[in-house]
Amino acid sequence: ILIKSDTTTNYELGMHSQWGDSVIFNGSLYYVDWDDIQVADVTENGSIPIITNGSSARSMGVEMSGQWYITDALSMSGSYAYTDAELTDDAPGLVGAEDGQDGDRLPGSPEHQAYLAMNYGMPLSDGSDLEFDWSMTFTSDVITKAGERDNGEELSSFALHNVSATWFKDAFRVTLYADNVFDKYAKTGVRLDDSFIRQVEGFDLRRYYHNVVRPRQVGLRFTYNFDG
């Protein structure tokens, strides 16, 4: 199988701005023409994962990010991205035994992604400092195969929350943190598809599984920075 190099033609319009001393805002609009797209597939014999070429596609969207220094101690930052990615031509045999169709949504690309974070810092009387952080990331649903064809599936959207409190002075830093605070169970990827749950000559075959986010993790981290 000959795999061609894919090529893109990119168009982008962006801005970087600062409003006074407290607000920073950046944004961009983009459009990408994509030829000979490379997508995941499997071999006809042995079903070994490979990369193969499709026809053409396009991706367009918007990206924004910003930071707001509300007070000297409190700040907020965030970002948002919207992506619309789809085939722009039919692609025979693109998805297993099925043809990709013009307009099929591309796999692995969430339409919406967002991030929001807040930081609060306060000095202590002994010369040390405390910082409190909270962040949230959101990812909308993702499909696993172009157009959700050939046993493709949709992986649901999810949001994750992280919090931490950090004490630091000079070279010492101690952080108490909790990642995935609400212990969210979410699927982030998939290997093959559910057609690989079957029996082969009397043996159970299961080469299909999901990747998932790490469960809630709580920890204490000590850091010392050596000079030089």
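Our subject is the structure that appears above.
Here is what the cut-offs are and how they apply
Residues numbered from 1 in each chain as written. Predicted model: local features only at pLDDT ≥ 70, side-chain atom pairs only at ≥ 80, totals over all residues. Heavy atoms only, no water. Helix = DSSP H or I, 4+ residues; strand = E, 2+ residues; numbered from the N terminus. Rg over C-alpha atoms; globule rule 2.2 N^0.38 Å. Buried < 20%, exposed > 50% of the residue type's maximum accessible area, 1.4 Å probe, protein only. Contact = heavy atoms within 4.5 Å. 1 Å grid on protein atoms, 1.4 Å probe; cavity = no way out; pocket = protein on both sides within 12 Å on 5 of 7 lines; lining within 4 Å. Points joined across faces, edges and corners; volume = space filled by probe spheres on them. Nonpolar A, V, L, I, M, F, W, Y, C, P; charged D, E, K, R; others polar. Phe/Tyr/Trp six-rings, centres within 6.5 Å; stacked < 30°, edge-to-face > 60°. Lys NZ or Arg CZ within 6 Å of the ring centre and 35° of its normal.

1. Comments concerning the overall build of the protein
Summing up its helical and strand segments, the protein has 0 helices and 19 strands in all. On C-alpha atoms alone, the protein measures out to a radius of gyration of 23 Å, which is more than a quarter above the 17 Å that the 2.2 N^0.38 rule sets for 228 residues. With respect to the three principal axes, the spread of C-alpha positions in the protein is 70 × 50 × 35 Å. Taken over 228 residues, the protein has a buried fraction of 30%. Once local pairs closer than 6 in sequence are excluded, the contacts in the protein between residues at least 24 apart make up 56%.

2. A look at the layout of surface pockets
Its volume calculated, the second largest pocket comes out at about 160 Å³. In this structure, the second largest pocket is lined by 15 residues; those nearest its centre are Gly108, Val142, Leu155, Thr188 and Gly189. Counting only elements with at least two residues in the lining of the second largest pocket, the list comes to strand S11 (142-143) and strand S15 (187-191). In terms of residue count, the dominant contributor to the lining of the second largest pocket is S15 (4 residues). A class-by-class count of the residues in the lining of the second largest pocket yields 6 nonpolar, 7 polar and 2 charged.

3. Some words on the side chain of Asp84
The residue Asp84 is located in strand S6 (residues 74-87) in this model. Setting aside residues up to four positions removed in sequence, Asp84 forms contacts with Arg58, Ser59 and Met60.

4. Remarks on the packing of aromatic side chains
The full count for this structure, using the stated rule, is 3 aromatic pairs. The interplanar angle of 55° and the centroid separation of 6.5 Å between the aromatic rings of Tyr11 and Tyr31 together place this pair among those described as tilted. On the criterion of sequence distance, the pair formed by Tyr11 in strand S1 (residues 7-19) and Tyr31 in strand S2 (residues 23-35) is long-range, its members being 20 residues apart. On the basis of an interplanar angle of 75° and a centroid distance of 4.6 Å, the ring pair of Tyr224 and Phe226 is categorised as edge-to-face. Tyr224 sits in the partly exposed class, given a relative accessible area of 40%. Connected via pairs of aromatic rings, a cluster forms that spans Phe172, Tyr224 and Phe226. When the ring centre of Phe196 is taken as origin, the NZ or CZ atom of Arg198, which lies over that ring, is 5.1 Å away. Taking NZ or CZ as reference, Arg221 lies 4.4 Å from the ring centre of Tyr177, over its face.

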